[in-house]
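Each chain is listed here by its residues.
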Amino acid sequence: MNQKGERIHSDRQKELSIFLQQLQQSEEKETGERVTVHSTTKTDGGKILEIVMGENPLFAPVVSVEAPETGYEKNELESIS
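Structure report, in brief.

So, how was this worked out
- All chains use their own residue numbering, which begins from 1 and follows the written sequence.
- Only residues with pLDDT of at least 70 are given local features in this predicted model, and only at 80 or more are side-chain atom pairs given and counted; all residues enter the totals for whole chains, interfaces and linings.
- With hydrogens and water excluded, all non-hydrogen atoms of the structure serve as input to the side-chain values.
- For two strands to be treated as a pair, DSSP must find no fewer than two bridges joining them.
- Secondary structure follows DSSP: runs of H or I at least 4 residues long count as helices, runs of E at least 2 residues long count as strands, and numbering of each begins at the N terminus.
- Every axis corresponds to a line fitted to the C-alpha atoms, with the helix fit spanning only the stretch in contact, and the corresponding angles, defined between N-to-C directions, vary from 0 to 180 degrees.
- A simple rule labels every residue: compare its accessible area, found with a 1.4 Å probe on the protein chains alone, to the largest value its type can have, and call it buried under 20%, exposed over 50%, or partly exposed in between.
- Counted as positive: Lys and Arg. Counted as negative: Asp and Glu. His and the chain ends are not counted at all.
- Within this document, salt bridges are pairs made up of a side-chain nitrogen of Lys or Arg and a carboxyl oxygen of Asp or Glu, the two lying within 4 Å of each other.
- Contacts between residues were defined by any pair of non-hydrogen atoms, one from each residue, lying within 4.5 Å.

1. Observations regarding the sheet that holds strand E3 (residues 62-66)
The three strands lie next to each other as E1-E2-E3, forming an open sheet whose pairing is antiparallel. The strands lining the two open edges of the sheet, one partner per strand, are strand E1 (35-41) and E3. Neighbouring strand axes in the sheet, compared pairwise and without regard to direction, differ in orientation by 20° on average.

2. A short note on the side chain of Glu27
Inspection of the secondary structure puts Glu27 in helix H1 (residues 6-31). One buried charge, Glu27, has no salt-bridge partner; the nearest side chain with opposite charge is Lys29, at 12 Å. Residue contacts for Glu27: discarding those within four places in its chain leaves Gly32, Val35 and Met53.

3. A word on the pattern of salt bridges
For the structure shown, the criterion picks out two salt bridges. In this structure, Asp44 engages Lys42 in a salt bridge whose closest nitrogen and oxygen atoms are separated by 4.0 Å. Overall, Lys42 belongs to the partly exposed group, its relative accessible area being 27%. It is possible to trace a salt-bridge network through shared partners that takes in Lys42, Asp44 and Glu66.

4. Regarding the pairing of strand E2 (residues 47-53)
Where E1 lies against E2, seven bridges are found, and the strand directions are antiparallel. Within E2, the residue paired with His38 across the bridge is Glu50. Remark: five residues form the turn of the hairpin made by E1 and E2, two consecutive strands paired antiparallel; Gly45 in that turn has positive phi of roughly 95°. Pairing of E2 with E3 involves five bridges; the strand directions are antiparallel. Along E3, the bridge assignment pairs Glu50 with Ser64.

Given below as structure tokens:
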């Protein structure tokens, strides 16, 4: 890890990516519907993860959660469940 915390950032991004992939696969298996995950940037610079459960995002249920921070402090994946 360097002084800027790049390894922490990449490790946490990898954990989040794995978690989202597992969530996507689990929901697709359970519901038979396509599940996609989009990241949206808010006007204040924060991120929102949108989990769309279905083919048509206009009619499909969407779960929106604030993405965890990527700074030095550790956020647990439970904070997005």
